[in-house]
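Single-letter residue listing:
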Amino acid sequence: MRLRGLVLLLGWTTGAMHAQTAVARPTWNNQIAPIVYKNCTSCHHAGGSAPFDLSTYAQARRWSAQMLDVTQSRYMPPWLPAEGHGAFAGDRRMSDAEVAAIKAWVTTGAPEGAGKAPAAPIYSSDWALGPPDLVVEMPQAVPVPASGTDLFLNFVLPVPLAKLNRTRWVRAMEIKPSSPGVNAAQVTHHANVIIDRTESVRRQHPADWQRGVPGMDILVDSGDDFDPDSHFLFWKPDSTALVEPSGMPWRLDPGNDLVLNMHLKPTGKPETVRARIGLYFTDKPATERPMLLQLENDAALDIPPGDAHFVIEDELKLPVAVQVLGVYPHAHYLGKRMEAWATLPDGAKQWLVLIEDWDIDRQSVYRLAQPLDLPAGTVLHMRYTYDNSAANLRNPHDPPVRVKAGNRSEDEMGHLWLQVLPAPAKPGEADPRLALERAWMENRLRKSPEDQIALYNLAALATAEGDNAQAETLYRRLLAHNPKDARTVTSLGAALAAEGNWQSAQQQFRAALALDPSYSDAAFDLASIDMRHENLAEAEQLLTQLTAAHPQDAASQRLLAMAYASDGLLGEALIPLHSWGQLAPADPEPHRALAQVYGQMGQATEALHEQRAVVALSTSNASDWNDLGVMEARAGNKLAAKKDFERALELDPTLSAARANLSKL
Amino acid sequence: MNAWWMTAILALTTEAVFAQVYGTRPDGKAITELAPASAQTVVLYFVATDCPVSNRTFPEMRRVREEFAARGVAFRYVYPNLGESPQGVRRHQAEFDAAGEALLDDHGVLTRMTHARVTPEAVVLRRTGAQWATVYEGRVDDRYVRLGLERPAAQNHFVERVVDEVLAGRAVEPAVGTPVGCAIMRPGETVQR
């Protein structure tokens, strides 16, 4: 009995030793392959964005020394947010146990181990969601030199009108840095898409918008309609398709440009880049309207050489309740530490993100794992620290020099972008995004009293709220700084027109066109005033030029048709009316206008055809059915006419014209 | 310092005696001379076709090669990793420095002689009689500090400085810092830490 007891005891001891050995001596097959497949191969696969493949034991062994280095230093996988300061979707931080396992594996000779490794994941070079509905591409391949500092370039990717002739909603997007024959996977570090709704980048940079406008960040003119940017369209090497949450597609209109902001890293040999963007549409327009908000303090960025601990801060009080969906911290090469948090009305602190060792090469948008509810009155904070000493090895200046805010990589920035979804407005309440925009812009003015962007946007807000006098004041303040800005002159004209001072408005629009004859907003607004004040000749001339330059602009086609019709030039009106109809295929209005014009021209068949199109698109308008009945009756189609009048009366029993027409049949 | 010099010379001598072949050219021919008789100095750049740090250092290696090639200095790109193929090396050289001369260290002779451990790494040798003596072994420049941390541009161009010192007959400053890059992999060798 005693002997048996001893055997049992030995058995237990041996088992415990085996267990310890398994933990201490991981092999590729038993522990490491699953860690690598989970954390590394999404980039490190054949044809992937990383420089080498880690899919097999032989490949992983070849790179095992580097795997040890970069996991110990936490350089890889690329993930900057500190643990416990915000929960993010797609968190790429390796667990301590995984890092320890790699260390144990490498230092014990990187053994393959017995048995078989799990199957490696399979990656496809095709579009992740299948063939896109629309692919837009850089107009030309652009060279990237073999050496030198990183390049930050902005490329305009025009959306071909032939492929986008109406507003579409984009539910998903995928960026591919490479095109057939151009492999740019290794040279592209990250990319960001900005929607330019007014072709402003092309206008500002006529010479180089195709071959790349230098700059880490680029400003686009978002136009006169209040529709703030709403989505982070960000790509990094492990990105595949960027799928928007349900109800949150983003809008793409005919004539919009996509601007691709690219961070390109020389590889040691000459490369070329020609990126493509695949877009996936949905028929369901957005039902939720997020917005991008920014905290920043570029005005305070004036960093003395040698200062290793320069701090900027900003805060913004939320006027409405929001959900935070994502954050995008951004600085250049002197940025070291980034803190962002929210102070709730009850004083509680909620971390948004903490980055203890900023590295622009690994920058990213961070989407929250769950939307974060913040009530109205919450204060958002950012606090960024910069190191402009020689000890900061990433410092672009040797020796260090004074650095201020700017768009070049050797300048600095201190931005924290947040994607927020405001609580929906109750019926009769204003769009909550207007209150957010106002809070944001007033915050900018608090830091920089003559901030041009803030003044302009506050003026536009005043216009939207009907406070034209305030808008006029703000536009004149802007013009005191920059009297030759055609856009501001035009906006001042619009404010004056809204105040009823049409003669002064006309003067401003003409002044804007003198400054920039190609500025289409000024031409359109001047033509609109001309039409109301019987200067049809000037209106026709302006609109003819405008529609020639921008044939996809439905509003200009409509206005030109109205000008011709008002001038009695019915035949001339037909061309812009048909263009308008093609540009707005779901809109019954161009067909109503065509039916009337054809009717006045005595072309009853064409008029009837157009009126049928009207009721096909708008089935519940009683007057449309009555008009169709009249046309059918004139064409001798009494039975059809009777049905049309009856349909009109079904929809509106009080429509006396339809009742009278029915009685005449 | 004296002892270290002696070790290096001994190591090279040993290889020269027992292995007359230093490596293989991409066209398959064995290399029995590290440099033409006219060259008193040779620079070995240890590189790899698949190492991004090595690739990004090629423009600097090429610049230094072009600066000194006409001054009696020979430059060799040494591909030490087993698994490199002559075709792959030819293609790589054509892309990164078509005028440079490459050799495959297919038997590990140069790697053992020089103790190179990563790519990129540079070894500068000076002819001493019938032998070659190591005068520098280390980083090409100081752009990379560690994997994931690099300067926007190198502040110290070590190989350029060393060759300049050798040609001027000045004392060579010893190497500083640890070479940063991709470990040289030989079959059967445990990863060195």
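Residues numbered from 1 in each chain as written. Chains lettered and ligands numbered in written order. Predicted model: local features only at pLDDT ≥ 70, side-chain atom pairs only at ≥ 80, totals over all residues. Heavy atoms only, no water.

Q: Sorry, what's going on with the nonpolar core here?
A: Within soluble globular proteins, side chains that are nonpolar generally end up buried alongside one another. Residue and element names in this part refer to chain A. By size, the foremost hydrophobic cluster in this structure holds 85 residues, and its most contacted members are Leu 293, Val 327, Leu 380, Tyr 386 and Leu 418. Each of two domains, domain 1 (2-107) and domain 3 (292-298 + 308-395 + 410-423 + 432-444), supplies a minimum of three residues to this core. Beyond its immediate sequence surroundings of up to four residues, Val 327 is in contact with Phe 88, Phe 232, Leu 352, Val 353, Ser 364, Val 365, Tyr 366, Leu 368, Leu 416, Trp 417 and Leu 418. With 32 residues, the next largest nonpolar core counts Ala 184, Met 262, Leu 264 and Val 273 among its residues. (Core = buried A, V, L, I, M, F, W, Y, C linked by side-chain atoms within 4.5 Å. Buried < 20%, exposed > 50% of the residue type's maximum accessible area, 1.4 Å probe, protein only. Domains from an automatic or database assignment. Contact = heavy atoms within 4.5 Å.)

Q: Would you explain the interface of chain A and chain B in this entry?
A: Frequently, the measure chosen for interface size is the accessible area that the parts lose on association. Listed as interface residues are 32 residues of chain A and, on the opposing side, 29 residues of chain B. Overall, the association of chain A and chain B removes approximately 2,500 Å² of surface from exposure, summing both partners, and the carbon and sulfur fraction of that is 58%. The interface formed by chain A and chain B includes three salt bridges. For A:Arg62, the salt bridge identified is with B:Asp50, shortest N-O distance 3.0 Å. Where chain A touches chain B, the interface holds five residue pairs in polar contact (both at pLDDT 80 or more). Elements represented by at least two residues in the side of chain A that touches chain B include exactly helix H3 (57-62), helix H4 (64-72) and helix H5 (96-107) of chain A. When residues in the side of chain A that touches chain B are grouped by element, the largest group, six residues, is from H4(A). Partitioned by chemical class, the residues of the side of chain A that touches chain B number 13 nonpolar, 10 polar and nine charged. (Buried area = accessible area lost by both parts, 1.4 Å probe. Salt bridge = Lys/Arg side-chain N within 4 Å of Asp/Glu carboxyl O. Polar contact = N/O pair within 3.5 Å; in protein donor to acceptor, adjacent residues only side chain to side chain. Helix = DSSP H or I, 4+ residues; strand = E, 2+ residues; numbered from the N terminus. Nonpolar A, V, L, I, M, F, W, Y, C, P; charged D, E, K, R; others polar.)

Q: How should the state of the cysteines be read in this particular structure?
A: In protein structure, a disulfide is the covalent linkage between the sulfur atoms of two cysteines. Counted according to the given criterion, the structure contains one disulfide over all chains. Across a sulfur-sulfur distance of 2.1 Å, B:Cys51 and B:Cys182 are joined as a disulfide pair. Residues B:Cys51 and B:Cys182 are joined by a disulfide whose S-S torsion is about 80°; by sign, that bridge is right-handed. Of this pair, B:Cys51 sits in the loop between strand S3 (41-46) and helix H2 (52-68) while B:Cys182 sits in strand S11 (residues 182-183); the two residues are 131 residues apart in sequence, bridging distant segments of the chain. Taking the relative accessible area as the measure of exposure, B:Cys182 reaches 3% and is therefore buried. Free of any disulfide, A:Cys40 has its nearest neighbouring cysteine sulfur in A:Cys43, separated by 9.1 Å. On the basis of relative accessibility, which here comes to 11%, the residue A:Cys43 falls in the buried class. (Disulfide = S-S within 2.5 Å.)

Q: Honestly, H5(A) in this entry has me stumped. Any pointers?
A: Owing to its 3.6 residues per turn, the α-helix brings residues three or four apart onto one side. Residues and elements named next belong to chain A. The end-to-end C-alpha distance of H5 is 17 Å, a good match for the 16 Å that 12 residues give at a rise of 1.5 Å each. Listing the buried residues of H5 in full gives Glu 98, Val 99, Ala 101, Ile 102, Ala 104, Trp 105 and Val 106. Positioned one or two residues after H5, Gly 109 has a phi angle of 95°, which is positive. (Expected span 1.5 Å × (residues − 1).)

Q: Would you take a moment to explain the packing of helix H16 (residues 589-601) of chain A against helix H17 (residues 604-617) of chain A for this structure?
A: Packed helix pairs are characterised by how far apart their axes lie and by the angle those axes make with each other. Residues and elements named next belong to chain A. Across the interface, H16 lies against H17 with an axial gap of 8 Å and an inter-helix angle of 160°. By the angle class used here, H16 and H17 are roughly antiparallel. For the pair H16 and H17, the crossing hand works out as left-handed. Taking contact as the criterion, the partners of His 591, Arg 592, Leu 594, Ala 595, Tyr 598 and Gly 599 in H16 are, on H17, Glu 606, Ala 607, Glu 610, Gln 611, Ala 613, Val 614 and Leu 617. Taken together, the residues of the contact of H16 with H17 break down into seven nonpolar, three polar and three charged. (Axes fitted to C-alpha atoms, helices over the stretch in contact; angles between N-to-C directions. Parallel < 35°, antiparallel > 145°, perpendicular 65-115°, else oblique. Left-handed = near helix turned anticlockwise from the far one by under 90°.)

Q: Any chance you could explain the packing of aromatic side chains here in plain terms?
A: One pair of aromatic rings is described through two measures. These are the centre distance and the angle between the planes. Under the criterion given, the structure shown has 16 aromatic pairs over all chains. For the pair A:Phe88 and A:Tyr366, a centre-to-centre distance of 5.6 Å together with 50° between the ring planes defines the contact as tilted. A residue pair is termed long-range when its members are at least 10 positions apart, and A:Phe88 in the loop between H4 and H5 and A:Tyr366 in strand S19 (residues 366-374) qualify at 278 residues. Connected via pairs of aromatic rings, a cluster forms that spans B:Tyr45, B:Phe58, B:Phe75, B:Tyr77 and B:Phe96. Positioned above the aromatic ring of A:Trp127, the side-chain terminus of A:Lys176 is 5.3 Å from the ring centre. (Phe/Tyr/Trp six-rings, centres within 6.5 Å; stacked < 30°, edge-to-face > 60°. Lys NZ or Arg CZ within 6 Å of the ring centre and 35° of its normal.)

Q: I keep staring at empty space enclosed by the protein and nothing clicks. Help me out?
A: Where empty space is left becomes clear once a probe the size of a water molecule has been rolled over the atoms. Residues and elements named next belong to chain A. Under the criterion given, the structure shown has four cavities of 30 Å³ or more. Taken as a whole, the largest cavity spans an internal volume of roughly 80 Å³. In the lining of the largest cavity, the residues fall into six nonpolar, one polar and two charged. Reported here for the second largest cavity is a volume of approximately 40 Å³. Around the second largest cavity, the lining residues are Ile 195, Arg 197, Val 220, Ser 222, Asp 227 and Asp 229. Its residues assigned to classes, the lining of the second largest cavity comprises two nonpolar, one polar and three charged. (1 Å grid on protein atoms, 1.4 Å probe; cavity = no way out; pocket = protein on both sides within 12 Å on 5 of 7 lines; lining within 4 Å. Points joined across faces, edges and corners; volume = space filled by probe spheres on them.)

Q: Quick question: what am I supposed to make of the confidence of the model for chain B here?
A: Parts of the model with low pLDDT should not have their predicted coordinates read in detail. Residues and elements named next belong to chain B. Summing up the model confidence of chain B, the mean pLDDT is 88 and the portion of residues at 70 or higher is 86%. Taken element by element, the predicted model of chain B shows its lowest mean pLDDT in helix H1 (residues 2-18) (41) and its highest in S3 (98). Here residues 1-19 scores under 50 on pLDDT; set against residues more than four positions off or in separate chains, the count is 20 contacts. Across the interfaces of the predicted complex, the ipTM metric reaches 0.86, alongside a pTM of 0.84. (pLDDT = per-residue confidence, 0-100.)

Q: Explanation requested: the pattern of salt bridges in the structure shown.
A: Close approach of charged atoms allows side chains of opposite charge to pair. Residues and elements named next belong to chain A. On inspection of all chains with the given rule, the structure shows 56 salt bridges over all chains. With its nearest N and O atoms 2.8 Å apart, the salt bridge here joins Asp 150 to Lys 265. Within this pair, whereas Asp 150 is found in the loop between strand S2 (142-144) and strand S3 (151-158), its partner Lys 265 is found in the loop between strand S10 (257-264) and strand S11 (271-273), the two being separated by 115 residues in sequence. Owing to a relative accessible area of 10%, Asp 150 belongs among the buried residues under this scheme.

Q: Just checking my understanding: could you explain unusual backbone geometry for this structure?
A: Most peptide bonds adopt trans geometry, and most residues besides glycine take a negative phi value. Residues and elements named next belong to chain A. Look at the link from Met 76 to Pro 77: it is a cis peptide, with omega at -10°. Mapped onto the secondary structure, Pro 77 falls in the loop between H4 and H5. The peptide bond linking Asp 398 to Pro 399 adopts the cis configuration, its omega dihedral lying at 5°. Along the chain, Pro 399 turns up in the loop between strand S20 (379-386) and strand S21 (403-404). Unlike most non-glycine residues, Ala 110 shows phi in positive territory, near 50°. Examined against the element boundaries, Ala 110 turns out to sit in the loop between H5 and strand S1 (134-137). Relative accessible area serves as the criterion here: at 0%, Ala 110 is assigned to the buried category.

Q: Explanation requested: the packing of helix H19 (residues 638-651) of chain A against helix H20 (residues 656-664) of chain A in the structure shown.
A: Residues and elements named next belong to chain A. Relative to each other, H19 and H20 sit at 150°, their axes nearing to 9 Å. On the basis of the axis angle, H19 is roughly antiparallel to H20. The two elements H19 and H20 cross, and the hand of that crossing is left-handed. Along the contact surface, H19 presents Lys 642, Phe 645, Glu 646, Ala 648 and Leu 649, while H20 presents Ala 658, Arg 659, Asn 661 and Leu 662. Considered class by class, the residues forming the contact of H19 with H20 number five nonpolar, one polar and three charged.

Q: Would you mind showing me how to read helix H8 (residues 452-464) of chain A here?
A: All names here are of chain A. Over its 13 residues, H8 runs 18 Å from end to end, which matches the ideal 18 Å to within 8%, given 1.5 Å per residue. Every buried residue of H8 is accounted for by Ala 454, Leu 455, Tyr 456, Leu 458, Ala 459, Leu 461 and Ala 462. Looking at the buried side of H8, the elements it contacts are helix H7 (432-447), helix H9 (468-481) and helix H10 (486-499). Where H8 begins, the side chain of Asp 451 points an oxygen toward the backbone nitrogen of Ile 453, at a separation of 3.0 Å.

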